[in-house]
Amino acid sequence: KQEVTQIPAALSVPEGENLVLNCSFTDSAIYNLQWFRQDPGKGLTSLLLIQSSQREQTSGRLNASLDKSSGRSTLYIAASQPGDSATYLCAVSSSGSARQLTFGSGTQLTVLP
Amino acid sequence: NAGVTQTPKFQVLKTGQSMTLQCAQDMNHEYMSWYRQDPGMGLRLIHYSVGAGITDQGEVPNGYNVSRSTTEDFPLRLLSAAPSQTSVYFCASRDRFDTEAFFGQGTRLTVV
């Protein structure tokens, strides 16, 4: 059974810092990994999708990397802003979970002005 | 382009009542799924569908039913609501198992 872990559970940084969020998964037989953002009381917004054959994806100030063999992904946020404050979730689609998404519990990010 | 639409946004039920949470998508996606989100437990899969007429159970299916008569709609039925079903419910859709997933805005359900 696929398990996804996100550490730390919460992170607080001053505005302008570069930061890294971590995601690990137990079964490396994944099809892809997706990073989401969730604001309080809202739904999930897709940030980046990395296919299993890819090493990284970039969108603006966000860069996600994937090391399938070691079961790890990182989300790098450059020059953080207070508007980046949210919960960040990673999810993997894998054969061991009937091709459905398995989620981590998320990292709650606070960027202080 | 509406994406994934869930209704209602909020609902309060009494124990034992039944109700249906609605989910509709306008992207012609084959894959649809229902999750519940509880504090400290992340999102857990309830039921999913890989096409019209095809559904299967996820991690936490007890107390819920689904059907998929059209590509667009994937309703979730609570048969007899229990306080343990108090949660936020999310519907998601994808074109295929290896494509980007899109989520609705969620339904916040309270069972008293």
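One structure accompanies this document, and this report is about it. The structure displayed is predicted, hence computed values, not measured ones.

**Structural notes on the side chain of A:Asp84**
All names here are of chain A.
Next up, step 1: Relative to the helices and strands, Asp-84 is located in the loop between strand S8 (72-77) and strand S9 (86-94).
Next up, step 2: Since its relative accessible area comes to 8%, Asp-84 is described here as buried.
Next up, step 3: Residues contacting Asp-84, with those up to four places away along its chain left out, are Arg-37, Arg-61, Ile-77, Leu-109 and Val-111.

**Digging into the sheet that holds S8(A)**
All names here are of chain A.
Next up, step 1: The strand order across the open sheet formed by five strands is S1-S3-S8-S7-S6, and the pairing between neighbours is antiparallel. At either end of the open sheet lies a strand with only one pairing partner, and these are strand S1 (4-7) and strand S6 (56-59). Between one strand axis and the next, the sheet turns through 15° on average, direction left out of account.
Next up, step 2: The sheet contact formed by S6 and strand S7 (residues 62-67) spans four bridges and is antiparallel. In the sheet register, Ser-59 faces S7, and the bridge partner there is Leu-62.

**Re the interface of chain B and chain A**
Note: interface size is frequently given as the accessible area lost on complex formation between the parts.
Next up, step 1: Contact residues are listed per partner, giving 23 residues for chain B and 22 residues for chain A.
Next up, step 2: Across the chain B to chain A interface the summed buried area is about 1,700 Å²; carbon plus sulfur atoms make up 52%.
Next up, step 3: If you sort the residues of chain B by the area they bury against chain A, B:Leu43, B:Phe97 and B:Phe103 come out on top, with a joint share of 28%.
Next up, step 4: Along the contact surface separating chain B from chain A lie one salt bridge.
Next up, step 5: The shortest N-O distance in the salt bridge between A:Lys1 and B:Glu59 comes to 3.8 Å.

**Some thoughts on the state of the cysteines**
All names here are of chain A.
Next up, step 1: Taken as a whole and judged by the stated rule, the model has two disulfides over all chains.
Next up, step 2: Disulfide pairing is shown between Cys-23 and Cys-90; the S-S distance is 2.0 Å. Disulfide Cys-23-Cys-90: the torsion about the S-S bond is 80°, which places it as right-handed. Taken together, the residues Cys-23 in strand S3 (residues 19-25) and Cys-90 in strand S9 connect sequence positions 67 residues apart.
Next up, step 3: Cys-90 gets classed as buried once you look at its relative accessible area, which sits at 0%.

**Brief notes about the sheet that holds strand S8 (residues 76-78) of chain B**
Across a sheet, paired strands are connected by hydrogen bonds in the backbone, their directions being either parallel or antiparallel.
All names here are of chain B.
Next up, step 1: Read across the sheet, four strands follow the order S1-S3-S8-S7 without closing on themselves; strand pairing throughout is antiparallel. Either end of the sheet is taken by a strand with one partner, and the two such strands are strand S1 (4-7) and strand S7 (64-66). With strand direction ignored, the average angle separating the axes of adjacent strands in the sheet is 20°.
Next up, step 2: Two elements, S1 and strand S3 (residues 19-25), share four bridges in a ladder whose sense is antiparallel. Bridge pairing links Gln-6 to Cys-23 in S3.

**Let's talk about the pattern of salt bridges**
Next up, step 1: Counted under the stated rule, the structure contains six salt bridges over all chains.
Next up, step 2: A salt bridge links A:Arg61 to A:Asp84, with the nearest nitrogen and oxygen atoms 2.8 Å apart. Here A:Asp84 lies in the loop between S8 and S9 and A:Arg61 lies in the loop between S6 and S7, a separation of 23 residues in the sequence.
Next up, step 3: Beyond isolated ion pairs, a larger network of salt bridges with shared partners links B:Arg36, B:Asp38 and B:Arg44.

Conventions used here
Residues numbered from 1 in each chain as written. Chains lettered and ligands numbered in written order. Predicted model: local features only at pLDDT ≥ 70, side-chain atom pairs only at ≥ 80, totals over all residues. Heavy atoms only, no water. Helix = DSSP H or I, 4+ residues; strand = E, 2+ residues; numbered from the N terminus. Buried < 20%, exposed > 50% of the residue type's maximum accessible area, 1.4 Å probe, protein only. Contact = heavy atoms within 4.5 Å. Pairing = 2+ DSSP bridges. Axes fitted to C-alpha atoms, helices over the stretch in contact; angles between N-to-C directions. Buried area = accessible area lost by both parts, 1.4 Å probe. Salt bridge = Lys/Arg side-chain N within 4 Å of Asp/Glu carboxyl O. Disulfide = S-S within 2.5 Å.

Honestly, it's all geometry; don't read function into it.
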